[in-house]
Amino acid sequence: MFDRLQSVEDRYDQLTELLMDPDVISDTNKLREYSKEQSDIQETVETYRQYKEVKQGYDEAKEMLHESLDKEMRDMVKMEVSELEDQLPPLEEKLRILLLPKDPNDDKNVIVEVRGAAGGDEAALFAGDLYRMYSRFAEAQGWKSEVIEYSETGIGGYKEIIFMINGKGAFSKMKYENGAHRVQRVPTTESGGRIHTSTATVAVLPEAEEVEVDIHDKDIRVDTFTSSGPGGQSVNTTMSAVRLTHLPTGVVVSCQDEKSQIKNKEKAMKVLRARVYDKFQKEAQAEYDQHRKSAVGTGDRSERIRTYNFPQSRVTDHRIGLTIQKLDQILQGNLDDIIDALIMEEQSQMMKDAE
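Predicted, not measured: the structure shown is a model, and the values here were computed from it.

Participant: Let's hear about the overall build of the protein chain: which residues, and what values?
Facilitator: Regarding its fold elements, the protein chain presents 10 helices and 11 strands. Within the protein chain, buried positions represent 42% of all 355 residues. Sequence-distant contacts in the protein chain: of pairs separated by 6 or more residues, those separated by 24 or more amount to 61%. Element-wise, carbon and sulfur atoms account for 48% of the exposed surface of the protein chain, whose accessible area totals about 19200 Å².

Participant: Could you give me a rundown of the sheet that holds strand β2 (residues 144-152), with the residues and numbers involved?
Facilitator: With mixed pairing, 8 strands are arranged side by side in an open sheet as β2-β3-β1-β5-β4-β9-β10-β11. Looking at strand neighbours, the two that pair on one side only are β2 and β11 (322-324), the edges of this open sheet. Strand-to-strand twist in this sheet, taken as the mean axis angle between neighbours without regard to direction, amounts to 15°. As paired strands, strand β1 (residues 110-116) and strand β3 (residues 158-166) are joined by 6 bridges and run antiparallel to one another. Directly across from I111, in β3, lies its bridge partner M164.

Participant: Pulling in residues and values, what's your account of the packing of helix α3 (residues 28-64) against helix α4 (residues 71-98)?
Facilitator: Orientation of α3 relative to α4, taken along the N-to-C sense of each, is 155°, at an axis distance of 9 Å. The orientation of α3 relative to α4 falls into the category roughly antiparallel. Here α3 and α4 pass one another in a crossing that is left-handed. Partitioned by chemical class, the residues of the contact of α3 with α4 number 13 nonpolar, 5 polar and 7 charged.

Participant: Any chance you could break down the sheet that holds strand β7 (residues 241-246) for me, citing the residues and the numbers?
Facilitator: With respect to topology, 3 strands assemble into an open sheet ordered β6-β7-β8, the strand pairing being antiparallel. Looking at which strands have only one partner, the edges of the open sheet turn out to be β6 (220-225) and β8 (251-255). Strand-to-strand twist across the sheet, computed as the mean angle between neighbouring axes with direction ignored, equals 15°. Judged from the 6 bridges that link them, β6 and β7 form a sheet pairing that is antiparallel. Residue pairing for β7: R221 is matched across the bridge by T245.

Participant: Go over the environment of I165 with me, naming the residues and quoting the values.
Facilitator: Mapped onto the secondary structure, I165 falls in strand β3. Once the C-alpha coordinates of I165 and I111 are considered, the two residues, 54 residues apart in sequence, prove to be 6.4 Å apart. With sequence-adjacent residues up to four places away left out, I165 is seen in contact with N109, V110, V112, Y134, A138, W143, K144, S145, A170 and M174.

Participant: Lay out the packing of helix α1 (residues 2-18) against α3 in plain terms, naming residues and giving numbers.
Facilitator: Interhelical geometry of α1 versus α3 gives an angle of 130° and a closest axis separation of 9 Å. Viewed along their axes, α1 and α3 adopt a mutual orientation that is oblique. By crossing handedness, the relation of α1 to α3 is classed as left-handed. When α1 is examined against α3, the residues F2, L5, Q6, V8, E9, R11, Y12, D13, L15, T16 and L18 are found in contact with a partner set consisting of Y34, E37, Q38, I41, Q42, T44, V45, Y48, R49, Y51 and K52. Of the residues that constitute the contact of α1 with α3, the class distribution is 11 nonpolar, 5 polar and 6 charged.

Participant: Tell me about the environment of Y48, residues and numbers included.
Facilitator: Mapped onto the elements, Y48 comes out in helix α3. Taking the C-alpha atoms as reference points, Y48 and E92, separated by 44 residues in sequence, lie 8.7 Å from one another. Contacts of Y48, omitting those with residues within four sequence positions, involve F2, L5, Q6, E9 and L95.

Cut-offs and rules
- Residues numbered from 1 in each chain as written.
- Predicted model: local features only at pLDDT ≥ 70, side-chain atom pairs only at ≥ 80, totals over all residues.
- Heavy atoms only, no water.
- Helix = DSSP H or I, 4+ residues; strand = E, 2+ residues; numbered from the N terminus.
- Buried < 20%, exposed > 50% of the residue type's maximum accessible area, 1.4 Å probe, protein only.
- Contact = heavy atoms within 4.5 Å.
- Areas by Shrake-Rupley, 256 points an atom, 1.4 Å probe, with all protein chains shown as cover.
- Pairing = 2+ DSSP bridges.
- Axes fitted to C-alpha atoms, helices over the stretch in contact; angles between N-to-C directions.
- Parallel < 35°, antiparallel > 145°, perpendicular 65-115°, else oblique.
- Left-handed = near helix turned anticlockwise from the far one by under 90°.
- Nonpolar A, V, L, I, M, F, W, Y, C, P; charged D, E, K, R; others polar.

Next up, the structure:
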């Protein structure tokens, strides 16, 4: 492990020199590439340097115990040895985690697609609850969310809502929401007080840059139409809504959230690029996806990952068997307890696989 850490530190120092090279500074692509690489390993290097400093202090203090010391000085050195010794195991554990393979998409923005599934109007209402939950979670993380496309029901839910979350590390946390979410509660439309079970599906896609997925204009069919509101009624008379079809893959994206056709097309292109990138990535990295799925089940969108039980104010994540009695707080966007537990489980599984 320490040989690997030394190699990472050496690379960090090399990157520092490269970033001061006039040839690199004048090359925007290289500057961005090296800056990102250094940023990605900065925490590992800083932790490793902290570890080396503590370890050196510990070794020097232990050496002092072999010298002739008076009782007061010996007791002080023993205390220092004990304090430094306690700091080493947590730092070693953190370093092991930092050396684990990282998902290359972790730092990216995400596009989230929430759809009501089984349960009709109640499923659509639940889809709305999930959208609000993620919006509040994003806000708490300091991220920004922006609606791209939605289809409302007459009673306030969403048949489908697609939105983007912009923020560093958004995918690293949101990827665990991929899958089928189930709700158990008494619908407002239920006069007999019976508990119904409904589901909504969540798809989380990393935003793809233009350089990551090659989409040619000739491969896209662009259709324009008038925007429509709930029930299908026209909400304006201009052809501002846009539908994009990627002919090679059959991926179709619509956007009518903006009044401007140009803005709708820009938003639709982001979703189209993400969906095509997601499709190609899954085909090209099947082995990686399978590993990730085996760890905490973030790969299969049809997999039931979580149940929200209203009568018992309980949320259960089925992938790791975690149950939390804080339904109201979780629906307010307080997802940290669940996501942190999922991250720890995945890291633990990866560490076992690496042994």
